[in-house]
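Fold and geometry: a report
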Amino acid sequence: MNPGLFIAFEGIEGSGKSTQQIRLAEHLERLGHDVVCTREPGGTATGDRIRAVLLDPALAELTPTTEMLLFAASRAQHVRELLRPALARGAVVLCDRYLHSSLAYQAWARRLGRDAVLAANAPAVDGLLPGLVLLLDMPVQDAFSRAAERGRLDRIEQAGRAFHDAVRAGFHAERELDPTRFCTIDATGSADAVFEQVLAAVAPRLGLVS
Ligand code: Z5A
């Protein structure tokens, strides 16, 4: 059996990850691929319960360490219940956020540090890293104006502009540390223009003819 391909969509809030994930899934399914679309936090029933706690605006007292451990707990369940079985049967797994979100948000923006976040996540990911990280990159202000159209903000969205600038810088730092895993996508253009770049990044990994 072919090993599957694990692709993570990363980037700041409102950068178009979900939009591009859906487009890519539809495209690959039309070509006959077995595609699994999932997200973090969440992706399993247990993960969805953890997600509800993490994003609840009423839980303002959640500490950065608690937050980091809850993201890792959701990931531990996700890896074992969904990601590894899907990859083992040869599926293309498209995941909206994974470990690099914990590095950008908790290690860099919440300032817990890479060592702490990697240590907390080691048993969760159990060695499973994406073959490709698509970093949808754009200025925070532009992404916020897209997201603002959706109304009420969750707990992490409420963290403010400086926090989200630090998240973007965190993603850039992670890309410098692991350049072959990352592919930067200019997320400022139209959804069609962004999808062209996504497809160009994915095509060689799946042997697609463009
Ligand atoms: N988090 C963390 O801290 N640590 C972790 O380890 C993990 C996550 C895994 C999850 O929130 C939160 O958890 C997130 C990070 C943190 N918090 N923040 N901030 P989520 O899953 O609810 O939300 P999100 O991942 O941040 O995604 P999002 O808000 O849904 O944004 P998106 O998926 O990147 O964008 P979108 O939904 O595709 O598009 C946003 C809007 O823009 C929408 O109206 C689209 O129609 C529109 N759009 C999309 N593309 C375009 C283009 N190209 N042009 C114009 N308009 C567009």
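It should be emphasised that the depicted structure is a prediction, and the values quoted were computed from it without experimental measurement.

What counts, and at which threshold
- Residues numbered from 1 in each chain as written.
- Predicted model: local features only at pLDDT ≥ 70, side-chain atom pairs only at ≥ 80, totals over all residues.
- Heavy atoms only, no water.
- Pairing = 2+ DSSP bridges.
- Helix = DSSP H or I, 4+ residues; strand = E, 2+ residues; numbered from the N terminus.
- Axes fitted to C-alpha atoms, helices over the stretch in contact; angles between N-to-C directions.
- Contact = heavy atoms within 4.5 Å.
- 1 Å grid on protein atoms, 1.4 Å probe; cavity = no way out; pocket = protein on both sides within 12 Å on 5 of 7 lines; lining within 4 Å.
- Points joined across faces, edges and corners; volume = space filled by probe spheres on them.
- Nonpolar A, V, L, I, M, F, W, Y, C, P; charged D, E, K, R; others polar.

With respect to topology, five strands assemble into an open sheet ordered 2-3-1-4-5, the strand pairing being parallel. With partners counted over all chains shown, the strands left at the sheet margins are strand 2 (35–39) and strand 5 (182–186), one partner each. Each adjacent strand pair in this sheet contributes to an overall mean axis angle of 20°, direction not counted. Sheet topology note: the strand 2/strand 3 (residues 92–96) ladder contains five bridges and is parallel. When the sheet's bridge partners are listed, valine 36 is paired in strand 3 with valine 93. Packed onto the sheet, helix 1 (residues 17–30) meets strand 1 (5–11), strand 2, strand 3 and strand 4 (132–137) and runs at close to 165° relative to strand 3.

So, about the layout of surface pockets. The computed volume of the largest pocket comes to approximately 710 Å³. Along its surface, the largest pocket is lined by 32 residues, and Glu13, Gly14, Lys17, Ser18 and Arg97 are the ones closest to its centre. Taken together, the elements giving at least two residues each to the lining of the largest pocket come down to helix 1, helix 2 (45–55), helix 3 (64–88), helix 4 (99–109), helix 6 (140–148) and helix 8 (191–206). Grouping the amino acids of the lining of the largest pocket by side-chain chemistry returns nine nonpolar, eleven polar and twelve charged.

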